[in-house]
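As a plain string of letters, each chain reads:
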Amino acid sequence: MSFRYMGKVVIPSPRAERYTTVCQFCNVGCGYDVYVWPAGEEGGLKPGDHGVVYRIRDTVYERELKPDSTDFTRITVLSHKTGTPWISEAMVVRTIRRDWLKGRNTGEWKEVYVAQIPSPECPINMGNHSIRGGTNGERNWSPWNVAGARRLKFPMVRFGGRLEVVTWDYAIDLVARVVKEVIDRWGVDGPMGKEGHAVFAHRMDHGGGGGGGMIENVTAGLFFFYGVRTAFARIHNRPFFGPENPAIGDAGPGAMNNSLHDLRLADVIVFWGANPYVTGTVMFTEHALSNLIGATVDEKRRWFGGEPVVDTYMIIVDPRKTETVEAARAAARDRVIHLAPEPGTDIVLANAIARVIYERYRSVVDGIIQVYRNATQKGFEWDENAWRLYLEEALEINRKTLDQYLAEAERVTGIPRRDIERVAEILGAPKPGGYPKRVWLMYEKGIIWNQNYRSIYALVDLCIMTGAFRGIPGTGCQRQGGHQEGYAGPEPPPPPWVKERFHLSPWNFAKLKGVELKTYQDYVRLFKEWYSEVYTDGYYNTKWPIADRYMPTTDFRLEGGEGRVLWVHDMDNYKLAPAAHRLKAAVSERSWRLTRYVFAQQFAETVARDSSEKYDTRVLDIPVTTRPTSEEYAKLVLEALEKTGGLFVIVQDIYPTFMVEDAHVVLPAAFNNGEVPDVRMSVHERRFRISDAWLDPPGEAKPDWWIYAMVAKRIVELYEAEGRGEDPVARRFRNAFQPIWDAMERNARDPRVEVENEIFKVYIANADETFARLGVGWEVQYWTPAFKKLDLNILRKFRTVGVVLPLRELNINPDGSVEARGIVNLMEPSLNPQYREEVVIARPDGTIERRIELIDSEKARGYSVSKLKSWPSLWLGYPPYVAELMKDYRYWVLNGRYNEIWQTGYMDPNSEVLIRRWPYAFIQISPEDAQREGLQNGDIVVVYNIHGSVPAIVWISRMVKPGATFLIMAHPYSTGANAVTTPSVEPVAQNPDYKLTRANLRKIGSLKPEVKAILTFKDIKFS
Ligand code: SF4
């Protein structure tokens, strides 16, 4: 039950319990305060009469909130800025929870209210929220709401055609037996014993978005990469397990290197292949727009010294006239430039802008490059040969005149030369006094899913040239992010045929080929060989990414019949995989091969009956009157794996996904929005916080770490029962999970022992020692030695403010206060004598202070970026899968998220309002194309190509140019765009080219007038 349509909400009572968390949705990572109190109680409007209390002194944004700020009687001035946030109906839910008097998840069930309110204390959102985050509250499960009805609550196992509820013991035993035997029978000998490469893992790798954070990740990693030791894993949005932004990592800065503080201070803001109004809303509205309209001028004056403050410009590069363009133009029409290149030609456009800057504003560029050169005196690595290679090979400075170069760029990109020159001027022309502009650039999926490695590198090179990597306030160049981040875990093993796991960057390629990089000629040789072997002779000829050899592309391999177990954790690849129908067809067919073998007898009996006159519906749902034991079931599964080429499918999730259709085992998980504590960070300034637990999971759902720990325990027991307790595989699982099993035992004796905190301390805070003991490499994002003092209870003190990573110092003071110091911009200490450090102090009275200090750079050099390397990005024409489609299919199918529809839409049906607004997947079509195709708003078309087809509702819109459409990426009830994306991946980075596909349209009908009447097909307007 939510409070929608009731006309009023309850205010937290003064005795409400308070928890803090971060939004479950996007990359921005807005902070939320959560209140839980007995149902029926209600707080008053005046401070002290309710439970909403803020204590924050933030000198960075000049904000102070005190307990008496929260006066809700001032109804006309309710404002998140002043500590009286608007509490909407969608933020409060009535549900049930245990009393937790003796510890979490203990005691009597009681009716409670839960309010999840945007946190005015958080420096990211300052109480603001988006349309997604504003509905966090009603996503909490309740016995009376849709979320509660939809959740997976009990383990299930497939008996014939049907998934039926079983006990956890049954499910764990079945899974453990199959996984253990698959390692034993088909494992490959490795340095740490048999490696279970036949177990394929589809697992999340990040925080937010229902995907957990470091605690969940580290246990998934312990299970798959240390216990099973499989190299065959994939991440939710790409068909392999590896980085999403390797180019910016190879260049040096990494994908998250600056802060919202920089965004607020920039002279020029560039969003390239990103639509932040829709996908990173509060970052855009609260920080980017504030800067654009001049609301941060005073902050600029404080940080610029004598340098002039000029009007901010915003440049948006996107083939569609997005909501971001409209919103920015509404704020500052004359200072917003929108470039809409032909899809896939961003490399050409970035290089063309760079070429103009290099020629027209040479003294500015030379000054910027000199900053990088000067830093080499302090150990910074600036690669002069790579820079020259970029100028010669990508910008062709000695090969083509500017006119020739720009004529070609104009032809390929469709962007008029004057627009290219205008953008170059905005970025490159100095400010009065000769100061280079403070340039801040953010890219996201329009680049990442579009010839990833080269597209990102083209932007990195442009950022090097424009000084976005200068590391002074107001500069930066990074990704936007899809979710928050929170990766921790042991490193994955390489596939059995190579010794090392890596992506095929030019630098790794040089090592492989023995190319020594000493002279400029060595670089030229590397450039030629790499482009030829990886691209022209490689992918463009074969359509097979050569990098698969070092980091397997698991979709290709599953479809080719490899793998025997597929364990899917927190994702729905029947919607998310490139060419999703192809993956679905392969997994489904292989899964059912196994099911038919395991239940062969029942199928045989039913088929025999089917020869009777009347059709026997039991052929679709065979009766299984006597369940096999888990041991008998596992035995049949293993026989089937031996004989049929089938696949045993395990799905671990919170809602029934499309993949559940083909699962043999379904494991219900606790949700990371309030049912299990975890830690994760925002993408735009690496702000690290706890997302706490305030509810019990529904039914018998369990935290992901619990599921992995219990299956690992059962695997070890099975080895011990065979007298093989010291088998290297058993030892691996035991060594990895013993600290968790110990903590679980302590928790059973005393529920106040928090297992998650023990996991945090052992595997995250002390990852260096723990993984050294386990004998493997590891990663905890932005780990520093200061982590060793951190735990969940300290993070709780920092509430929604959290700490900025990398954490340089954490001081626990005798007066009980805790002080955290983190680096604001990771380029800054390497290139400048001083750097900005964010200091957050949590006082014993609950007050949090936040400020930025300037610190001597020597103190942070070890934690900052140590190198900067260019690399020439060439556009080679469209990748082969894409080029194929261009012959026969008329329309580009641009695709992406749509604001309130989150990810696969896994949780959107929980909101009645939302699902009424977007009951179907839609496709935007230009008026010209609609006329040609004879389409009206509300018509239903099938979007199709050789890879698949999907129905969608027509929305005629000027947001797309003629020749292009926009199809929503996924919808709660539809595969969306991935029905028509191709299998194309970038051959170095293996990230898919989702953004580059084409299709045709065929009208198949129209919505009924009464349905059309409740929808709107108007374009989005801002004023
Ligand atoms: S902008 Fe992102 S993080 Fe912030 S409230 Fe919206 S969805 Fe949540």
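On a predicted model such as this, the values are computed, not experimentally measured, just so you know.

Q: Summarise the packing of helix α11 (residues 362–375) against helix α16 (residues 452–466); cite the residues concerned and give the values.
A: Where α11 meets α16, the closest approach of the two axes is 7 Å, and the angle between their N-to-C directions is 100 degrees. Between α11 and α16, the crossing angle belongs to the class labelled roughly perpendicular. On α16, the residues touching Val365, Ile368, Ile369 and Tyr372 of α11 are Cys463, Ile464, Met465 and Thr466. Partitioned by chemical class, the residues of the contact of α11 with α16 number seven nonpolar, one polar and no charged.

Q: Which residues make up the state of the cysteines, and what are the values?
A: Evaluated as defined, the whole model comprises one disulfide. Cys122 carries a free sulfur, and the closest cysteine sulfur to it, the one in Cys30, is 6.5 Å from it.

Q: Break down the pairing of strand β14 (residues 313–317) for me, citing the residues and quoting the values.
A: When you tally the buried positions in β14, you get four out of five residues, the bulk of the element. For β14 and strand β15 (residues 336–339), the ladder comprises four bridges, and the chain directions are parallel. By the bridge assignment for β15, Ile315 is matched with Ile337. Regarding topology, helix α9 (residues 323–332) serves as the crossover connection from β14 to the parallel β15, and that connection is right-handed.

Q: So what's going on with the nonpolar core? Which residues, and what values?
A: Of all hydrophobic cores here, the largest spans 125 residues; its most connected members are Phe223, Trp567, Phe688, Phe733, Phe737, Ile740 and Phe760. When residues in this core are grouped by element, the largest group, 12 residues, is from helix α2 (residues 168–186). Of all hydrophobic cores here, the second largest spans 100 residues; its members include Val268, Val348, Leu389 and Trp449.

Q: Pulling in residues and values, what's your account of helix α14 (residues 417–428)?
A: With 12 residues, α14 extends 16 Å between its outermost C-alpha atoms, agreeing within 8% with the 16 Å of an ideal straight helix rising 1.5 Å per residue. Residues of α14 that are buried include every one of Ile420, Glu421, Val423, Ala424, Ile426, Leu427 and Gly428, and no others.

Q: Explain the environment of Leu594 to me, using residue names and the numbers behind them.
A: With respect to the helices, strands and loops of the structure, Leu594 is situated in helix α21 (residues 580–598). For Leu594 and Gly646, which are 52 residues apart along the polypeptide, the C-alpha to C-alpha distance reads 4.8 Å. In this structure, Leu594 is in contact with Val637, Ala640, Leu641, Gly646, Leu647, Phe648 and His664, ignoring residues within four places of it in sequence.

Q: With reference to specific residues and values, describe the sheet that holds strand β4 (residues 63–65).
A: With respect to topology, six strands assemble into an open sheet ordered β4-β3-β30-β29-β28-β27, the strand pairing being mixed. Looking at the sheet topology across the chains shown, the edges are occupied by β4 and β27 (807–812). Pairwise comparison of adjacent strand axes, ignoring direction, gives a mean angle of 20 degrees for this sheet. Summarising the sheet, strand β3 (residues 56–58) and β4 pair through three bridges and their orientation is antiparallel. Looking at the pairing, Arg57 lines up with Glu64 of β4.

Q: Now, about the environment of Val950: what can you tell me, with residues and values included?
A: Relative to the helices and strands, Val950 resides in strand β35 (residues 948–956). Given a relative accessible area of 5%, Val950 falls into the buried group. Taking the C-alpha atoms as reference points, Val950 and Asp33, 917 residues apart in sequence, are found 40 Å from one another. Residue contacts for Val950: discarding those within four places in its chain leaves Val941, Val942, Val943, Leu967, Ser974, Gly976 and Ala979.

Q: Let's hear about the environment of Trp507: which residues, and what values?
A: Structurally, the position occupied by Trp507 is in helix α17 (residues 506–513). The spacing of Trp507 and Trp530 is 23 residues in sequence and 9.6 Å in space, taken between C-alpha atoms.

Q: I'd like to hear about the site of the ligand, residue by residue, with values.
A: Close contacts around the ligand come from Cys23, Phe25, Cys26, Val28, Gly29, Cys30, Tyr32, Ser130, Arg132, Gly133, Thr281 and Val282, and that covers them all. Grouping the amino acids of the shell around the ligand by side-chain chemistry returns seven nonpolar, four polar and one charged.

Q: Could you give me a rundown of the pattern of salt bridges, with the residues and numbers involved?
A: Within the structure shown, the criterion is met by 96 salt bridges. As a salt-bridge pair, Arg861 and Glu858 come within 2.6 Å of each other at their nearest N and O atoms. The class for Glu858 is partly exposed, based on a relative accessible area of 47%. Each member of the salt-bridge network shares a partner with another, and the members are Lys180, Glu181, Asp184, Arg185, Glu642, Glu722, Arg724 and Asp727.

Q: For the packing of aromatic side chains, give the residues involved together with the corresponding values.
A: Across all of its chains, the model carries 57 aromatic pairs by this definition. Where Phe502 meets Tyr550, the ring centres are 4.6 Å apart and the plane angle is 20 degrees; that geometry is what we call stacked. Of this pair, Phe502 sits in the loop between β19 (488–490) and α17 while Tyr550 is found in the loop between α18 (520–542) and α19 (554–559), placing the two residues 48 residues apart along the sequence. Pair check on accessibility: Phe502 and Tyr550 agree, each one buried. Here the aromatic residues Tyr453, Tyr457, Trp507, Tyr523, Phe527, Trp530, Tyr531, Tyr535 and Trp871 are joined through ring pairs into a cluster of three or more. The cationic tip of Lys445 hangs over the ring face of Trp449; the distance from NZ or CZ to the ring centre is 5.1 Å. Sitting above the plane of the Phe603 ring, Arg596 keeps its charged end 4.8 Å from the centroid.

Analysis parameters
Residues numbered from 1 in each chain as written. Predicted model: local features only at pLDDT ≥ 70, side-chain atom pairs only at ≥ 80, totals over all residues. Heavy atoms only, no water. Axes fitted to C-alpha atoms, helices over the stretch in contact; angles between N-to-C directions. Helix = DSSP H or I, 4+ residues; strand = E, 2+ residues; numbered from the N terminus. Parallel < 35°, antiparallel > 145°, perpendicular 65-115°, else oblique. Contact = heavy atoms within 4.5 Å. Nonpolar A, V, L, I, M, F, W, Y, C, P; charged D, E, K, R; others polar. Disulfide = S-S within 2.5 Å. Buried < 20%, exposed > 50% of the residue type's maximum accessible area, 1.4 Å probe, protein only. Pairing = 2+ DSSP bridges. Right-handed = clockwise from strand over helix to strand, strands pointing away. Core = buried A, V, L, I, M, F, W, Y, C linked by side-chain atoms within 4.5 Å. Expected span 1.5 Å × (residues − 1). Near = heavy atom within 4 Å. Salt bridge = Lys/Arg side-chain N within 4 Å of Asp/Glu carboxyl O. Phe/Tyr/Trp six-rings, centres within 6.5 Å; stacked < 30°, edge-to-face > 60°. Lys NZ or Arg CZ within 6 Å of the ring centre and 35° of its normal.

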